[in-house]
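Chains, contacts and geometry: an overview
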Amino acid sequence: MTMDSRIDDTTVRVATDVDVPIGRAFHVFTAEIGTWWDKDKHILPAPLAKMEFQPYVGGHIIDRGTDGSECRWARVLAYEPPFRVCFSWDITPHWQLETDPAKASEIEIVFTALAPDRTRVVLTHRHLDRHGEGWQGMRDAVAGGWSLDGFAGRIDAANAAAGRPLVFPTDDAMRGRLQKTAAYTPILLHATDRCVRPDVDPIIWEHGRRNMALVDAGLLAVVVPVIDETALSGIGIFAADTDTVRAIMDDDPGVRAGIFTYEVHTGRGFPGAALP
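Counting through the fold element by element, Ser-88 comes out in strand E6 (residues 84-89). Taking the relative accessible area as the measure of exposure, Ser-88 reaches 1% and is therefore buried. Polar side-chain contacts of Ser-88 include one of 2.8 Å to the backbone nitrogen of Arg-75. In this structure the side chain of Ser-88 is engaged in a polar contact, spanning 3.1 Å, whose partner is the side chain of Asp-90. Among residues more than four places away in sequence, those in contact with Ser-88 are Trp-73, Ala-74, Arg-75, Leu-77, Ala-104, Ser-105 and Glu-106.

Put simply, the largest pocket is a space of about 610 Å³. The wall of the largest pocket is formed by 27 residues, among which Pro-225, Val-226, Ser-233, Gly-234 and Phe-260 lie closest to the centre. Where the lining of the largest pocket is concerned, the elements lending two or more residues are strand E11 (182-191), helix H5 (201-216), strand E12 (220-225) and strand E13 (232-238). With six residues, the top contributor of residues to the lining of the largest pocket is E13. Residue composition of the lining of the largest pocket, grouped by class: 17 nonpolar, seven polar and three charged. By volume, the second largest pocket amounts to about 420 Å³. Lining the second largest pocket are 19 residues, with Trp-37, Asp-38, Lys-41, Trp-89 and Gly-145 sitting closest to its centre. Those elements that provide at least two residues to the lining of the second largest pocket are helix H2 (135-145) and helix H3 (149-158).

Turning our eyes to something else, we now look at the packing of aromatic side chains. Enumeration according to the criterion identifies 15 aromatic pairs in this entry. When the centroid spacing of 5.5 Å and the interplanar angle of 65° are considered together, the rings of Phe-29 and Phe-151 count as edge-to-face. Residue Phe-29 is found in helix H1 (residues 22-30), and its partner Phe-151 is found in helix H3; the two are separated by 122 residues along the sequence. Neither residue differs from the other here; Phe-29 and Phe-151 are each classed as buried. When the ring centre of Phe-168 is taken as origin, the NZ or CZ atom of Arg-24, which lies over that ring, is 4.4 Å away. Stacked on the ring of Phe-270, the Lys or Arg Arg-177 has its end atom at 6.0 Å from the ring centre.

Cis geometry is found at the peptide bond from Pro-81 to Pro-82, where omega equals 0°. Tracing the sequence through the fold places Pro-82 in the loop between strand E5 (70-80) and E6. Cis geometry is found at the peptide bond from Arg-197 to Pro-198, where omega equals 5°. On the secondary structure map, Pro-198 appears in the loop between E11 and H5. The backbone phi angle of His-127 is positive, close to 60°, even though this residue is not glycine. Along the chain, His-127 falls in the loop between strand E8 (118-126) and H2. Owing to a relative accessible area of 29%, His-127 belongs among the partly exposed residues under this scheme. Within the chain, Ala-162 stands out as a residue other than glycine whose phi angle is a positive 50°. Among the secondary structure elements, Ala-162 is positioned in the loop between strand E9 (160-161) and strand E10 (164-165).

Below, the discussion takes up the state of the cysteines. Inspection of the entire model under this criterion finds zero disulfides. Of the cysteine sulfurs around Cys-71, a residue in no disulfide, the closest is that of Cys-86, at 18 Å. For Cys-86, a relative accessible area of 2% translates into the label buried.

Conventions adopted
Residues numbered from 1 in each chain as written. Predicted model: local features only at pLDDT ≥ 70, side-chain atom pairs only at ≥ 80, totals over all residues. Heavy atoms only, no water. Helix = DSSP H or I, 4+ residues; strand = E, 2+ residues; numbered from the N terminus. Buried < 20%, exposed > 50% of the residue type's maximum accessible area, 1.4 Å probe, protein only. Polar contact = N/O pair within 3.5 Å; in protein donor to acceptor, adjacent residues only side chain to side chain. Contact = heavy atoms within 4.5 Å. 1 Å grid on protein atoms, 1.4 Å probe; cavity = no way out; pocket = protein on both sides within 12 Å on 5 of 7 lines; lining within 4 Å. Points joined across faces, edges and corners; volume = space filled by probe spheres on them. Nonpolar A, V, L, I, M, F, W, Y, C, P; charged D, E, K, R; others polar. Phe/Tyr/Trp six-rings, centres within 6.5 Å; stacked < 30°, edge-to-face > 60°. Lys NZ or Arg CZ within 6 Å of the ring centre and 35° of its normal. Disulfide = S-S within 2.5 Å.

Here it is in structure tokens:
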């Protein structure tokens, strides 16, 4: 939750600590801004459909309406992931779009790693006097309105999935794990119009027997039959190169019988990964 809020004549500041690595905090604040920003705090006349944060200096924060309209109410002045971002507040004291950049205040957000999995986020809204007549009212409004509780709440909500806690790795930990990836060959198995059950069940039984033999031989790392009502019949991941996999699949009982076709793809994965 927001842990600090203070005002001087022309500045408002709020801060919060969140339990994620600094890169994750920066991403949620910018790229996922629409997931935590207060939905009541927009000047777009139409109902809000989405928010967009353009990740470069000269970009904008854009509110997009359900009617196709848009409101570009901020300009990105600094974009320095994962440490700092700054954007303008192109809004008048009457809560209309400000078209004169000289009359816009600035919002700077600084991200500081307190620990590998904990980040301090400090938001400073400064130069509010640039808005001209009535700026004090805007200062008082944003002093009461700025909060990072929605941002921190989004972080907390995203730190779990399907009832399980998620521990996001740091950038260094991710790089270390990615260096350990190896080449694998995923395949997608498709049923043809000749795959009519139960007529082809003996062939599918032999197809399954061969898959088990490929698993035992260390060639087929993962095999997942698809059982919903689609033409996709299975997904496999081979620990072999694409030419080898094509030769293996061409000799598959179901492929030879014409009841299956397959796609071969190239990929990378983590050795030792397995189905639970």
